[in-house]
Amino acid sequence: MSFRPSSTIKVTCRQISAWKGIPNTSIQAKPLMIYHGAFDATPAELEHRLEAMGEVVPQWVYTMYSKTHFHSTTHEVLGVVAGQAQLCFGGEQNPGRFEPTVQQGDLIIVPAGVGHRLLQDLGEQRFQMVGSYPAGKHWDMCYGEAEEWDKVEAIRDLGWFQRDPLYGASGPALEV
């Protein structure tokens, strides 16, 4: 098990404009973040690290849904623990979408409202992530439908991280 110091990792940050019923980063202006190659750990080891940092609680190990969705009730932290995949953030028809390839060892911070989906599992090993959320928060599933706008407005009131989910008292999530 190893976790690279935050000062040595590459971090990609993206603002994604609203698209149809998907707010993306337009409400809070917190970017989608990918910490590239930040760790080499089993799912249990990553879960232990995230719990020890005290900002998020791991809730599942699974792949990403292949239908675009977003969460209005919480930000999401995804740690890739197996495989490689191409993901889509922002909505597949959005001209401002972001379609990165992520792999084992990457940590993704998905702000509430950012549409996301699995485009393609690319690895020989099945793509798996540890999904985590701030303590006391429960994720919902939104798809950009008109009846979800009351939920979308609630994103404005969500707090950001007080500690970096992977690094604790300092780290990239605290610098945005």
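Please refer to the structure placed before this passage.
Computed from a predicted structure; not experimentally measured.

Chemist: When you look at helix H1 (residues 43-53) in this model, what are you seeing that I'm missing?
Modeler: Every α-helix carries 3.6 residues per turn, so stepping three or four residues along brings you back to the same face. Among the residues of H1, those classed as buried are Leu46, Leu50 and Met53. With its buried residues spanning 60 degrees around the axis, H1 presents them on a single face. Away from its buried face by more than 90 degrees, H1 exposes Ala44, His48 and Ala52. The inward-facing, buried residues of H1 abut strand S1 (2-3), strand S4 (39-40), strand S5 (56-62), strand S6 (76-82) and strand S11 (128-134). In the segment just after H1, Gly54 is the residue with positive phi, at about 80 degrees.

Chemist: Would you take a moment to explain unusual backbone geometry for this structure?
Modeler: Note on backbone geometry: most residues besides glycine have negative phi, and most peptide bonds are trans. A positive phi is found at Asn24, a non-glycine position, where the angle reads about 50 degrees. Here Asn24 is to be found in the loop between strand S2 (10-14) and strand S3 (32-36). Notably, Ala29 is not glycine yet its phi reads approximately 60 degrees, a positive angle. Within the secondary structure, Ala29 sits in the loop between S2 and S3.

Procedures and definitions
Residues numbered from 1 in each chain as written. Predicted model: local features only at pLDDT ≥ 70, side-chain atom pairs only at ≥ 80, totals over all residues. Heavy atoms only, no water. Buried < 20%, exposed > 50% of the residue type's maximum accessible area, 1.4 Å probe, protein only. Helix = DSSP H or I, 4+ residues; strand = E, 2+ residues; numbered from the N terminus. Arc of directions from axis to C-beta. Contact = heavy atoms within 4.5 Å.

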